[in-house]
Amino acid sequence: MKYMVNVNDKTADVDARSLRDHVKDREKTVLRDTYYLIEQGIAPSRTLTMGQTVIYPTGSTTGHSHDDMEEVYYVISGEGEMVVGEDRYPVRAGDALYVPPGEFHTTFQKGNLPLTVVWVTAKLENK
């Protein structure tokens with residue numbers, strides 16, 4: 001007999017041992033870890049910063065904007081929603097998204113697995 005199931009189609013358990021149970025009554029939705037991989041001023045790059053962010057189930061990023069940088073995101077794994085300005089985009093593994101300078105942006109994890117994104121910011125050069 002053949003049987004196939006996908007973790008994204010299942011409902012996670014919520015008991016005293018689960019992450020969802022530990023975070024269900026929190027006031028802030030931010031639940032993420034960020035790792036700076038290439039840092040402007042520390043690495044040889046003059047304009048680029050690169051990092052990886054893992055957004056855990058039910059979590060989000062803080063949300064921010066930066067007038068002096070543009071940014072790109074690439075989704076490594078998981079599912080979520082990215083907000084850029086007034087627009088909302090569903091995202092999943094393999095998606096890339098551009099964020100123009102000055103646009104507020106934030107990311108929400110959706111689904112069962114953590115959402116992992118790699119991002120790169122580029123500082124705008126003064127002309």
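Residues numbered from 1 in each chain as written. Predicted model: local features only at pLDDT ≥ 70, side-chain atom pairs only at ≥ 80, totals over all residues. Heavy atoms only, no water.

## Considerations on the side chain of T106
No. 1: Residue position: T106 is located in strand β7 (residues 105–110).
No. 2: Of the residues examined, T106 reaches a relative accessible area of 7% and is grouped as buried.
No. 3: Side chain to side chain, T106 and T61 meet in a polar contact 3.0 Å long.
No. 4: The contacts of T106, once residues within four sequence positions are left out, are T61, T62, G63, E81, M82 and V83. (Helix = DSSP H or I, 4+ residues; strand = E, 2+ residues; numbered from the N terminus. Buried < 20%, exposed > 50% of the residue type's maximum accessible area, 1.4 Å probe, protein only. Polar contact = N/O pair within 3.5 Å; in protein donor to acceptor, adjacent residues only side chain to side chain. Contact = heavy atoms within 4.5 Å.)

## Some points on the sheet that holds strand β6 (residues 96–99)
No. 1: One open sheet accounts for five strands, arranged β1-β2-β8-β3-β6; its pairing is antiparallel. Single-partner strands in this sheet number two, and they are β1 (32–38) and β6. Each strand axis lies, on average, 20 degrees off the axis of its neighbour in the sheet, ignoring direction.
No. 2: Pairing geometry for strand β2 (residues 48–55) and strand β8 (residues 115–123), over eight bridges, is antiparallel. Residue pairing across strands places M50 opposite V120, the latter belonging to β8. (Pairing = 2+ DSSP bridges. Axes fitted to C-alpha atoms, helices over the stretch in contact; angles between N-to-C directions.)

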